[in-house]
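# A look at the structure
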Amino acid sequence: MPLEDGHPARPRGRQVNGEVSGPPRLRGMGDPSLWGTTVPGGSRTEVMAEGWKPGPALGDRDVTPGGVPQREGQHEEALMTELSELVQKVVKSSSWWERHGVDISILACSFLLLPAGFLCLRSAQAIPFLVGVLTLGVVHHTLTVKGSHLASHNALTESKSWGKVWAIFFIELCSAFTVEQATYNHVKIHHGYTNVIGLGDSSTWKLPFLNRYVYMFIAPLAVPILTPLVALDLLRNVEWRAALRTLCCMCLGFYCHYWLLLHVSGFQSLWSALLCMLLTRSLLAHPYIHVNIFQHIGLPMFSADRKPKRIHLMSLGVLNLPRNALLDWSFGHSLISCHVEHHLFPSLSDNMCLKIKPIVSQYLKQKKLPYNEDTYSSRLRLFLQRYEELMVHTPPITELVGIQ
């Protein structure tokens, strides 16, 4: 299953040249500093913080020596630097168990549940069989969503070499996607240009030819089928060695799943095994799609040449959902209740994002910056009511005013 902003139906392969420097930050926070802002078209989520008053819009071309835009730009960088220092203190005081051990243990527990899930599918009784389906479905999404997401940000280990190994394992073997394209689309584009139109604006999630109910409730079932097909198409954009490695890992992952269903779960035919694979791999596909659109679409969108600095970009264009035991386990805190923290500090693990959440939320509110939060049900109602505006039409870009 592809990572956030790597929707299988509409992959993005654009290349962006050049990087914009930013304030000092933690390892892995190499996202560009950005300028300019916009307001959304009337979302229920409050995105305008107290303290934002009318004034001249800021842009890269507006900076003059000693001028107000330059001073405000320095102030914005100082805010991110100050927040980074607060978070760095927490990270340095945290043990290895807090930084990596908790999330590694969750992934390890998921592996340990695999035998039980496959054995439950042997039962001819409904309840044990359904337990097996639920177990394998949750394990699959834990490995493919949580594992792939953490591996793409090298948040599972301090070693870059082992990080590459884990990325290949979780993204290619478990998720049937290519590492190079997954990390480029997600880390470089989505994180580097969050909610910037034409780059990291989550438009890859939009399928305007589908109506709201088909998109929200039926189309997610096709994610397990579309994912490998899109991955194969994206192999044209990588060198032949990487393409060959990806093909081998994809085939090995599918064959292992199929072999276990035949020889451990006792399936008698090819089609029954494939149907079970589809069922387990699509078990949490609905919240997977929903989460990825709820947390960005409907929030401010920015033009590439006039976008805010990093701290304002992330505070305005990212939203947190409430904690949920099932989704926290399967997707990870950084994709659910700590998405703002994750976009500000993407190299941190899920558990560390949860640990710094009080610091980040308090700091943003203290500085009168937005800290977007909303419930799953509220966002679902919003998207059903305003599907045409949010998912079909191009989102409006309204120049945000300067920071006074």
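Analysis parameters
- Residues numbered from 1 in each chain as written.
- Predicted model: local features only at pLDDT ≥ 70, side-chain atom pairs only at ≥ 80, totals over all residues.
- Heavy atoms only, no water.
- Axes fitted to C-alpha atoms, helices over the stretch in contact; angles between N-to-C directions.
- Helix = DSSP H or I, 4+ residues; strand = E, 2+ residues; numbered from the N terminus.
- Parallel < 35°, antiparallel > 145°, perpendicular 65-115°, else oblique.
- Contact = heavy atoms within 4.5 Å.
- Nonpolar A, V, L, I, M, F, W, Y, C, P; charged D, E, K, R; others polar.
- UniProt positions renumbered as here; feature names shortened; annotations may be inferred.
- Salt bridge = Lys/Arg side-chain N within 4 Å of Asp/Glu carboxyl O.
- Buried < 20%, exposed > 50% of the residue type's maximum accessible area, 1.4 Å probe, protein only.
- Phe/Tyr/Trp six-rings, centres within 6.5 Å; stacked < 30°, edge-to-face > 60°.
- Patch = residues over 30% accessible without salt bridge, like charges linked within 9 Å, V, L, I, M, F, W, Y side chains within 5 Å.
- Areas by Shrake-Rupley, 256 points an atom, 1.4 Å probe, with all protein chains shown as cover.
- 1 Å grid on protein atoms, 1.4 Å probe; cavity = no way out; pocket = protein on both sides within 12 Å on 5 of 7 lines; lining within 4 Å.
- Points joined across faces, edges and corners; volume = space filled by probe spheres on them.
- Expected span 1.5 Å × (residues − 1).
- Core = buried A, V, L, I, M, F, W, Y, C linked by side-chain atoms within 4.5 Å.
- Bend = angle between axes of the 7 residues up to and from the residue.

Right, let's talk about the packing of helix 4 (residues 160-174) against helix 5 (residues 179-191) for a bit. Closest axis-to-axis distance for the helix 4/helix 5 pair is 9 Å, and the angle between their directions is 95°. It follows from the interaxial angle that helix 4 and helix 5 lie roughly perpendicular. Across from Lys164, Ala167, Ile168, Ile171 and Glu172 in helix 4, the residues of helix 5 making contact are Val179, Glu180, Ala182 and Thr183. Taken together, the residues of the contact of helix 4 with helix 5 sort by class into 5 nonpolar, 1 polar and 3 charged.

Right, let's get into the UniProt feature "transmembrane region" (unreviewed entry) in the protein chain. This chain's UniProt record puts "transmembrane region" (unreviewed entry) on residues 213-235 and 242-260. Helix and strand shares over residues 213-235 are 78% and 0% respectively, and the end C-alpha atoms of the span are 32 Å apart. Note that residues 242-260 is 100% helix and 0% strand, and that its end C-alpha atoms are spaced 27 Å apart.

Positive phi values are uncommon outside glycine, yet Ser202 reaches one of about 65°. Within the secondary structure, Ser202 sits in the loop between helix 5 and helix 6 (212-218).

In the contact formed by helix 3 (residues 126-152) and helix 9 (residues 270-281), the axes pass within 8 Å of each other and the chain directions differ by 60°. The angle between helix 3 and helix 9 falls in the class oblique. Each of Val133, Leu136, Gly137, His140 and His141 in helix 3 lies in contact with helix 9, whose residues at this interface are Leu279, Thr280 and Arg281. Split by residue class, the contact of helix 3 with helix 9 holds 3 nonpolar, 4 polar and 1 charged.

The next subject is the pattern of salt bridges. For the structure on display, the rule yields 13 salt bridges. One salt bridge in this structure joins Lys309 and Glu77, with 3.2 Å as the shortest N-O distance. You can see Lys309 sitting in the loop between helix 10 (285-294) and helix 11 (310-317) and its partner Glu77 sitting in helix 1 (residues 68-93), a full 232 residues away along the chain. For Glu77, a relative accessible area of 29% puts it in the partly exposed group.

Counted according to the given criterion, the structure contains 10 aromatic pairs. Ring centres of Trp166 and Phe169 lie 6.2 Å apart, and the angle between their planes is 85°; this geometry places the pair in the edge-to-face category. On the criterion of helical spacing, the pair formed by Trp166 and Phe169 is a turn pair, its members being 3 residues apart in helix 4. Phe169 gets classed as partly exposed once you look at its relative accessible area, which sits at 24%. Connected via pairs of aromatic rings, a cluster forms that spans Phe111, Trp162, Trp166, Phe169 and Phe170.

Nonpolar side chains collect at one region of the surface, where Ile225, Leu226, Leu229, Leu232 and Leu247 lie side by side and expose about 410 Å² of accessible area between them. With 4 residues, helix 7 (residues 223-234) is the single largest residue contributor to the nonpolar patch.

Over the atoms rolls a probe the size of a water molecule, and in doing so it shows where empty space is left. By volume, the second largest pocket amounts to about 430 Å³. What lines the second largest pocket is a set of 20 residues, and nearest its centre among them are Leu114, Leu143, Gly253, His257 and Leu260. Sorting the residues of the lining of the second largest pocket by element identifies helix 2 (96-120), helix 3, helix 4, helix 8 (240-263) and helix 9 as the ones contributing at least two each. Of the residues belonging to the lining of the second largest pocket, the class tally is 14 nonpolar, 5 polar and 1 charged.

With 24 residues, helix 8 extends 34 Å from end C-alpha to end C-alpha; this agrees with the ideal 34 Å at 1.5 Å per step. Taken residue by residue, helix 8 has Ala242, Ala243, Thr246, Cys249, Met250, Gly253, His257 and Leu261 as its buried positions. Of the surrounding secondary structure, the elements contacted by the buried residues of helix 8 are helix 2, helix 4, helix 5, helix 7 and helix 9.

Our focus in this paragraph is the nonpolar core. Core analysis: the biggest nonpolar cluster contains 29 residues, and Tyr215, Met216, Ile293, Phe331, Phe383 and Met391 have the highest contact counts within it. Of all the elements in the fold, those that place two or more residues in this core are helix 6, helix 10, helix 15 (376-385) and helix 16 (387-392). Per-element accounting of this core gives the leading share, 6 residues, to helix 10. With residues near it in sequence (within four places) discarded, Met216 still touches His286, His290, Ile293, Phe294, Leu380, Phe383 and Leu384. Core analysis: the second largest hydrophobic core is formed by 25 residues, Leu316, Cys353, Leu364 and Tyr371 among them.

Attention shifts here to helix 14 (residues 350-366). For helix 14, spanning 17 residues, the distance from its first C-alpha to its last is 24 Å, which sits close to the expected 24 Å at 1.5 Å a residue. At Ile356, helix 14 shows its largest bend, some 45°, and a proline, Pro358, comes one to four positions later. Buried residues of helix 14: Asp350, Asn351, Met352, Cys353, Ile356, Lys357, Val360, Ser361, Tyr363 and Leu364, and no others. Lys368 occupies a position one or two residues after helix 14 and carries a positive phi of about 60°.

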